[in-house]
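Fold and geometry: a report
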Amino acid sequence: MENTLVALLLVFAFSWAEEANYEQQPQPCPSDIHAVLRDLSGKLAVLQFRMEQQETLNQEQAEKLKEFVGQSSQMDPIKGRLQEQEARLNKLETLTGQLDEVKEQQKAQAAELKSIKTSTAVTQDQVDTLWRIQNVEETAFSASLMAPGQGEVYIGPFKSHKDLVFKDVITNIGNAYNSSTGYFTAPVRGVYHFELHIYGPSSHPSGAVLVKNEAHVVIAYEHSSDWGKGSNGVTLLLEAGDVVSVRQWVGSKVFDNGNRHTTFSGHLLFTV
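Residues numbered from 1 in each chain as written. Predicted model: local features only at pLDDT ≥ 70, side-chain atom pairs only at ≥ 80, totals over all residues. Heavy atoms only, no water.

The name that an unreviewed UniProt entry assigns to the chain is C1q domain-containing protein, with the source organism given as Neogobius melanostomus. For the record of the chain, the UniProt heading Subcellular location (unreviewed entry) holds the text "Secreted". (UniProt positions renumbered as here; feature names shortened; annotations may be inferred.)

**Examining the UniProt feature "coiled-coil region" (unreviewed entry) in the chain**
Annotation from UniProt places "coiled-coil region" (unreviewed entry) at residues 82-112. As annotated, residues 82-112 comprises 100% helix and 0% strand, and the C-alpha atoms at either end are separated by 44 Å. (Helix = DSSP H or I, 4+ residues; strand = E, 2+ residues; numbered from the N terminus.)

**A short note on the sheet that holds strand E1 (residues 140-144)**
The five strands are arranged E4-E1-E13-E7-E10 in an open sheet whose pairing can be described as antiparallel. Only two strands of the sheet have a single partner each, and these edge strands are strand E4 (168-173) and strand E10 (228-238). Strand-to-strand, the axes of this sheet are offset by a mean angle of 10 degrees, without reference to chain direction. Relative to E10, strand E7 (residues 190-200) runs antiparallel, the two being bridged by eleven bridges. Within E10, the residue paired with His197 across the bridge is Ser231. (Pairing = 2+ DSSP bridges. Axes fitted to C-alpha atoms, helices over the stretch in contact; angles between N-to-C directions.)

**Focus: the pairing of strand E2 (residues 152-155)**
Within a regular beta strand, the side chains point alternately toward one face of the sheet and then the other, so they alternate between its two faces. Residue alternation in E2 divides its side chains into a buried set, Val153 and Ile155, and an unburied set, Glu152 and Tyr154. Here E2 pairs with strand E12 (residues 254-257) via four bridges, running antiparallel. Counted as the bridge partner of Ile155 is Val254 from E12. (Buried < 20%, exposed > 50% of the residue type's maximum accessible area, 1.4 Å probe, protein only.)

What follows is the structure in structure tokens.
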């Protein structure tokens, strides 16, 4: 019982203390309320202004987004053309690679063709050499002093040696003898045999020498009380290009007619 009374007294005392405390706090006056309302109105106006700006910004962004979507639709053909150009570029790169391969093949073929040409040239040289050897193995000539249809001819005497030109060509196999100069030119290196017969009247000696490259080799010489002939022959080792001719001796007189008394002959015995 006593405990219950004590509890009731405590509750009453607490309630009385809260009321006393509330009465002691200052209550807001009307001027303070108006200030708060003005502050709230200002903040509300600021919020409304910001909302309007945000709405304007949203509209601008919506317009830009719409414009971007329109530009994107216009970019589709450009993208298509870019894709076509890219495909063409890839094809061009492929063709360029193939062209490089063709160029390499052409270089290889050119090198092979050059090698074939070189081999062909060597083969042709060998063929020419064989042909020349085969033909020069059949080298032979013989000619008389008087030109055909001339009748008869006297040559000399001279105070110096004079080249004789045997103009009437009887045989010239291989064409190594030149009837315009009287020179025989060796076509290949080999052993050759030459003969000369010099005919003349009794009034003067008849004579001539066989010349190899301006050097006297042998002489045919005759001087008698009647017509006479000097003869000689020689076998020579000649290099290709060596020249052999006949030179009339100083103070001699040489005769020839259609009977071909004065002659110059030679032939290849064998090559070496």
